[in-house]
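Listed below, chain by chain, are the residues.
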Amino acid sequence: MTNVSKWMSWEGGIDLVAVTSPDLQMPNVIVHLGRMVNTPVGDAPSGMIFWQPDTNAAPLVFGFVGTDAKVGAYFGPNIFAGTPFEAAPVLDATIDIKISATSASAKCVTGGYTFEVEMSDFSEPYLIDRKPAAMPPFYQQGVEIHARKASLKVNGKNIDIIIPPVGISGGPASVVSPNGVYAR
């Protein structure tokens, strides 16, 4: 039996995966944040941002974000190994997340950009237990709440987004996750 040695857990998660055009096959928007993320190397508000409004150009923001570079540097080689995020840079950021019974919001400021996500119209909470796949290559367990309405602002400007029915985690592409764990 192999011991789990690579893991992260979180409290207060917000996860939005979207496209800005119906022609896109892959998401060009990912805002994946935790109010507090715990790892074997420390704890900090953390997440990942992928923002590529022009899909013919390099992303404007791509990397793990948070208040502790050591925690951010843990994610790529330990949790996201074997994915496009394995060598993602670590970006200093501030993260503010608010979650209530009827709405959730996240604000992340990094690299000269401010990302604001608003979510509402929640499903009932449900437990997840997803096995590793090509993407994502780790076990996922926790509680999710599908947010059937979500909006995104970048630098104060409303962004038209289309939220696919399934995100990169294998569940809905717009969720609030009160708590959970990824493990390899």
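Above this note sits the structure.
Engineer: Before we move on, could you go through the environment of Met 26 and cite the residues and values that matter?
Structural biologist: With respect to the element layout, Met 26 can be found in the loop between β1 (7-18) and β2 (29-39). Using a relative accessible area of 61% as the deciding quantity, one classes Met 26 as exposed. When the C-alpha atoms of Met 26 and Ser 9 are compared, they prove to be 26 Å apart, with 17 residues separating the residues in sequence.

Engineer: Residues and numbers for the packing of aromatic side chains, please.
Structural biologist: Inspection of every chain in the model, using the stated rule, returns 11 aromatic pairs. Their ring planes at 40 degrees and their centres at 5.6 Å tell us that Phe 62 and Phe 85 sit as a pair that is tilted. One end of the pair, Phe 62, is in strand β4 (residues 61-66); the other, Phe 85, is in the loop between α1 (69-78) and β5 (90-99), and 23 residues separate them in sequence. Exposure remark for Phe 62: the relative accessible area of 25% places this residue in the partly exposed category. A residue is classified by how much of its surface remains accessible, and Phe 85, at 7% relative accessible area, is buried. Between Phe 80 and Phe 138, the aromatic rings sit 5.3 Å apart at their centres with planes inclined by 80 degrees, giving edge-to-face as the arrangement. Taken as a pair, Phe 80 in the loop between α1 and β5 and Phe 138 in the loop between β8 (126-130) and β9 (139-154) lie far apart in primary sequence, 58 residues in all. Taken as a pair, Phe 80 and Phe 138 share a single burial class, namely buried. Through a chain of ring-to-ring contacts, the aromatic side chains of Trp 10, Phe 50, Phe 62, Phe 64, Phe 75, Phe 80, Phe 85, Phe 138 and Tyr 182 assemble into a single cluster.

Engineer: Report on the side chain of Ser 174, specifying residues and quantitative values.
Structural biologist: Considering the arrangement of structural elements, one finds Ser 174 in strand β11 (residues 174-183). In this view, Ser 174 contacts Asp 15, Leu 16, Met 119, Ile 145, His 146, Ala 147, Ala 150 and Ile 163; residues no more than four positions away in its chain are not counted.

Engineer: Tell me about α1, and please be specific about residues and values.
Structural biologist: An α-helix turns once every 3.6 residues. As a result, residues three or four positions apart point the same way. Inspection of α1 places Val 71, Gly 72, Tyr 74, Phe 75, Gly 76 and Asn 78 among the buried residues, and these make up the whole buried set. Looking at the buried residues of α1, the elements they touch are β1, β2, β3 (42-51), β4 and β5. Capping the start of α1 is the job of one residue whose side-chain oxygen sits 2.8 Å from the backbone nitrogen of Lys 70: Asp 68.

Engineer: So what about the pattern of salt bridges? Which residues, and what values?
Structural biologist: This structure, assessed with the given rule, holds 5 salt bridges. We note a salt bridge from Glu 11 to Arg 35, for which the minimum N-O separation is 2.5 Å. Here Glu 11 is found in strand β1, whereas its partner Arg 35 is found in strand β2, with 24 residues between them in sequence.

Engineer: For the pairing of β9, give the residues involved together with the corresponding values.
Structural biologist: Two strands pair when backbone bridges link them, and strand β7 (residues 113-122) and β9 are joined in this way by 7 bridges, in the antiparallel orientation. In the strand pairing of β9, Ser 120 is matched with Lys 149. As paired elements, β8 and β9 share 5 bridges and run antiparallel to each other. Within β9, the residue paired with Ile 128 across the bridge is Gly 142. One ladder, built from 7 bridges, connects β9 with β11; its direction is antiparallel.

Engineer: Pulling in residues and values, what's your account of the side chain of Ser 46?
Structural biologist: Residue position: Ser 46 is located in strand β3. A relative accessible area of 1% places Ser 46 in the buried class. Of note is the side chain of Ser 46, whose polar atom sits 2.9 Å from the backbone oxygen of Ala 44. Each residue touching Ser 46, except ones within four places of it in the same chain, is listed here: His 32, Leu 33, Gly 34, Val 37, Val 65, Gly 66, Val 71, Phe 75 and Ile 95.

Cut-offs and rules
- Residues numbered from 1 in each chain as written.
- Predicted model: local features only at pLDDT ≥ 70, side-chain atom pairs only at ≥ 80, totals over all residues.
- Heavy atoms only, no water.
- Helix = DSSP H or I, 4+ residues; strand = E, 2+ residues; numbered from the N terminus.
- Buried < 20%, exposed > 50% of the residue type's maximum accessible area, 1.4 Å probe, protein only.
- Phe/Tyr/Trp six-rings, centres within 6.5 Å; stacked < 30°, edge-to-face > 60°.
- Contact = heavy atoms within 4.5 Å.
- Polar contact = N/O pair within 3.5 Å; in protein donor to acceptor, adjacent residues only side chain to side chain.
- Salt bridge = Lys/Arg side-chain N within 4 Å of Asp/Glu carboxyl O.
- Pairing = 2+ DSSP bridges.

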